[in-house]
Amino acid sequence: MATDLHELLRSLRVWDVDLPSFDPGAAPADPLTLFTDWFAQAVEAGQVEPHTMSLATVDEKGLPDVRTVMLHGADASGWSFATHAGSRKGRQLAARPHAALGFYWAAQGRQVRVRGAVTAAPSTESQADLHARSTGALAAALTGRQSEVLSSLEELARESRAAWERARHEPDAPVPSWTLYRLRPEEVEFFQGDAQRRHVRLVYRRTPDGWARELLWP
């Protein structure tokens, strides 16, 4: 029997858990501090893979694209992630160096949205980022050819085996295309869900004098 998608969707419930409260009046002056607090709370709440995020870019024609990637860090320089410079997202960022990030932590009904310009880190920093990660991450990077057409799964398995072998025996193997990117936020929004749909939205906007804060209607 075929699944009725609409019936399945109607059967689902959102935030069938106790949600935390959020007092925007007590929020810190900068978004990084609040993000760090919320991230730690998501980890403590058991959120699965809280370091994954949606990365939205646009191509040279202005058409949007989105995918899930991993957060590599966040500090005063911005939120960082990495990929091959020749991948689809790498090419899009080269053509239009702006992006948006989206975090969703269902365990607490929270979202964080980040928008801003993106820059590529120097090669030495990008390679250091790669080699600080796992053997599997290095093997995947060594496999390379991200976003290119794949002829067969057998080809992928063959190339992957060779990459894993090299990663195990050469943990400092260079991958010149591997690039660490940083998004310098111009706007960061924090969304706290509410079971009564009285969601709290606090947005930080960068100004010449620092960060301005505003509440938004849900």
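Use the structure listed above.
Keep in mind it's a predicted model, so treat the numbers as computed, not measured.

### Some remarks on the overall build of the chain
On a plain count of helices and strands, the chain comes out with six helices and nine strands. Counting contacts in the chain only where the partners sit at least 6 residues apart, residues at least 24 apart contribute 64% of the total. With an accessible surface of roughly 13,100 Å², the chain has 53% of that area assigned to carbon and sulfur atoms.

### What to know about the layout of surface pockets
A volume near 560 Å³ is recorded for the largest pocket. Lining the largest pocket are 26 residues, and of these H84, A140, A141, G144 and Q146 lie nearest its centre. Going through the elements one at a time, β2 (64-70), β4 (78-84), α5 (135-143) and α6 (153-169) are the ones with two or more residues in the lining of the largest pocket. In terms of residue class, the lining of the largest pocket is built from twelve nonpolar, eight polar and six charged.

### What to know about a nonpolar patch on the surface
On the surface, L5, L8, L9 and L12 cluster together to form a nonpolar patch covering roughly 400 Å² of accessible area. In this structure, L12 sits in the loop between α1 (5-11) and α2 (31-44). A residue is classified by how much of its surface remains accessible, and L12, at 52% relative accessible area, is exposed.

### Thoughts on the environment of Q111
As for its position among the elements, Q111 is in strand β6 (residues 110-120). We classify Q111 as partly exposed; its relative accessible area is 30%. Along the chain, Q111 and A27 lie 84 residues apart, while their C-alpha atoms are 15 Å from each other.

### Focus on the pairing of strand β9 (residues 210-216)
A regular strand carries its side chains on alternate faces of the sheet. Of the strand pairs in this sheet, strand β8 (residues 200-207) and β9 are connected by seven bridges, and their pairing is antiparallel. The residue bridging R201 from the neighbouring strand is L216, located in β9. From the end of β8 to the start of β9, which pair antiparallel, there are two residues.

### Structural notes on the nonpolar core
Among the nonpolar cores identified, the biggest contains 26 residues, and F81, L101, F103 and V112 are the most heavily contacted of them. At the level of elements, α2, β1 (52-58), β4, β5 (98-105), β6, β7 (178-192) and β8 are the ones that each hand at least two residues to this core. Those residues in contact with L101 that lie beyond four places of it in its chain are M53, S54, L55, W79, F81, V112, R113, V114 and L183. The next biggest cluster of nonpolar side chains, apart from the first, holds 13 residues, and it includes A121, L138, L142 and A163.

### Structural notes on the pairing of β2
Here β1 pairs with β2 via seven bridges, running antiparallel. Bridge assignment links L55 to a residue of β2, and that residue is R67. The antiparallel hairpin formed by β1 and β2 contains five residues in its connecting segment, where G62 sits at a positive phi of about 85°.

### Some words on the pattern of salt bridges
For the coordinates displayed, the defined rule picks out 13 salt bridges. The partner of R182 in a salt bridge is E125, and the shortest N-O contact between them spans 2.2 Å. Of the two residues, R182 sits in strand β7 while E125 sits in helix α4 (residues 123-131), which places them 57 residues apart along the sequence. Between R201 and E189 there is a salt bridge, with its nearest N and O atoms 2.6 Å apart. Placement of R201 in strand β8 and of E189 in strand β7 is noted, with a sequence separation of twelve residues between them. E189 matches R201 in its accessibility class, with the two residues each being buried.

### Structural notes on unusual backbone geometry
With the exception of glycine, most residues fall at negative phi, and the peptide bonds are largely trans. Here E49, not a glycine, exhibits a phi torsion of approximately 45°, which is positive. At S147, a position not held by glycine, the phi torsion is positive, near 80°. Within the fold, S147 resides in the loop between α5 and α6. Given the relative accessible area of 44%, S147 is considered partly exposed.

Procedures and definitions
- Residues numbered from 1 in each chain as written.
- Predicted model: local features only at pLDDT ≥ 70, side-chain atom pairs only at ≥ 80, totals over all residues.
- Heavy atoms only, no water.
- Helix = DSSP H or I, 4+ residues; strand = E, 2+ residues; numbered from the N terminus.
- Contact = heavy atoms within 4.5 Å.
- Areas by Shrake-Rupley, 256 points an atom, 1.4 Å probe, with all protein chains shown as cover.
- 1 Å grid on protein atoms, 1.4 Å probe; cavity = no way out; pocket = protein on both sides within 12 Å on 5 of 7 lines; lining within 4 Å.
- Points joined across faces, edges and corners; volume = space filled by probe spheres on them.
- Nonpolar A, V, L, I, M, F, W, Y, C, P; charged D, E, K, R; others polar.
- Patch = residues over 30% accessible without salt bridge, like charges linked within 9 Å, V, L, I, M, F, W, Y side chains within 5 Å.
- Salt bridge = Lys/Arg side-chain N within 4 Å of Asp/Glu carboxyl O.
- Buried < 20%, exposed > 50% of the residue type's maximum accessible area, 1.4 Å probe, protein only.
- Pairing = 2+ DSSP bridges.
- Core = buried A, V, L, I, M, F, W, Y, C linked by side-chain atoms within 4.5 Å.

Geometric values such as these leave the question of function open.
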